[in-house]
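Observations on the model geometry
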Amino acid sequence: MLETFSCTFTATELDARTGVQDVVARLRTMGIHDSRVDEVQIALTEAVNNVVEHAYAGMDIGDVRIRCNLHPGQLWISIGDGGAPFENNELPAGTAHDLTVEIDQLPEGGFGWLLIRELASDVQYERDDTGNNLSLCFEIQMRNADSM
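Read on for a plain summary of the structure. Nothing here was measured: the structure is a model prediction, and the numbers come from that model.

Some words on unusual backbone geometry
- Residue Asn88 is not a glycine yet carries a positive backbone phi of 60°.
- Checked against the element boundaries, Asn88 lands in the loop between β3 (74–81) and α3 (112–119).
- The exposure class of Asn88 is exposed, given its relative accessible area of 63%.
- Notably, Asn89 is not glycine yet its phi reads approximately 55°, a positive angle.
- Along the chain, Asn89 turns up in the loop between β3 and α3.
- Looking at Asn89, the relative accessible area reads 45%, which means it is partly exposed.

Dropping the structure here:
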């Protein structure tokens, strides 16, 4: 059975936090294992924060649109925005940083895409007339097979 829901919120830090929490709360009611929902929350938070911090940087604040599609064994989450495209219309690589350096030499950011790519089984990006669309796929198991 396919189960779908969506939400839209303003691309501010506070609304993004509330929007992600609402999505996560809904996912928890759908029977997905709690540990997997926690991982989805990490990736979703990173992706939405990127929209707030980068896609709408220097622009009027717009909306973030999230659509979740639950299929047997997979959860697809689509994150859409009307902000600026990724450089060269390509997702950042999400490469690992050298963590053996002194603490003051560690980069301040740049770990988000690595986390997203590690937690999601598939990451897709496209840009069209409406803006950016990032799709994240997560392999999932249900707490109870009857809940699907």
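After that view of the structure, there is still more to cover.
Comments concerning helix α2 (residues 34–55)
- Taking 1.5 Å of rise per residue, the 22 residues of α2 would be expected to cover 32 Å, and the 30 Å separating its terminal C-alpha atoms lies within 8% of that figure.
- Within α2, the full set of buried residues consists of Arg36, Val37, Val40, Ala43, Leu44, Ala47, Val48, Asn50, Val51, Val52 and Ala55.
- In this fold, the buried residues of α2 make contact with β1 (3–10), α1 (13–29), β2 (63–71), β3, α3 and β5 (131–139).

Thoughts on the nonpolar core
- Core analysis: the largest hydrophobic core is formed by 39 residues, its most contacted members being Ile66, Leu75, Ile79 and Phe138.
- Sorting the residues of this core by element identifies β1, α1, α2, β2, β3, α3, β4 (122–128) and β5 as the ones contributing at least two each.
- When neighbours within four sequence positions are excluded, Ile66 is seen to be in contact with Phe5, Ser6, Cys7, Phe9, Val23, Leu44, Val48, Ile77, Ser78 and Ile79.

So, the sheet that holds β1
- Here we have five strands laid out as an open sheet, ordered β1-β2-β3-β5-β4, and antiparallel in their pairing. Strand pairing shows two members of the sheet lacking a second neighbour, β1 and β4, which therefore form its edges. Taken over all neighbouring pairs, the strand axes of this sheet differ in orientation by 15° on average, direction set aside.
- Docked against the sheet, α2 engages β1, β2, β3 and β5, running at close to 15° with respect to β3.

Conventions adopted
Residues numbered from 1 in each chain as written. Predicted model: local features only at pLDDT ≥ 70, side-chain atom pairs only at ≥ 80, totals over all residues. Heavy atoms only, no water. Helix = DSSP H or I, 4+ residues; strand = E, 2+ residues; numbered from the N terminus. Buried < 20%, exposed > 50% of the residue type's maximum accessible area, 1.4 Å probe, protein only. Expected span 1.5 Å × (residues − 1). Contact = heavy atoms within 4.5 Å. Core = buried A, V, L, I, M, F, W, Y, C linked by side-chain atoms within 4.5 Å. Pairing = 2+ DSSP bridges. Axes fitted to C-alpha atoms, helices over the stretch in contact; angles between N-to-C directions.

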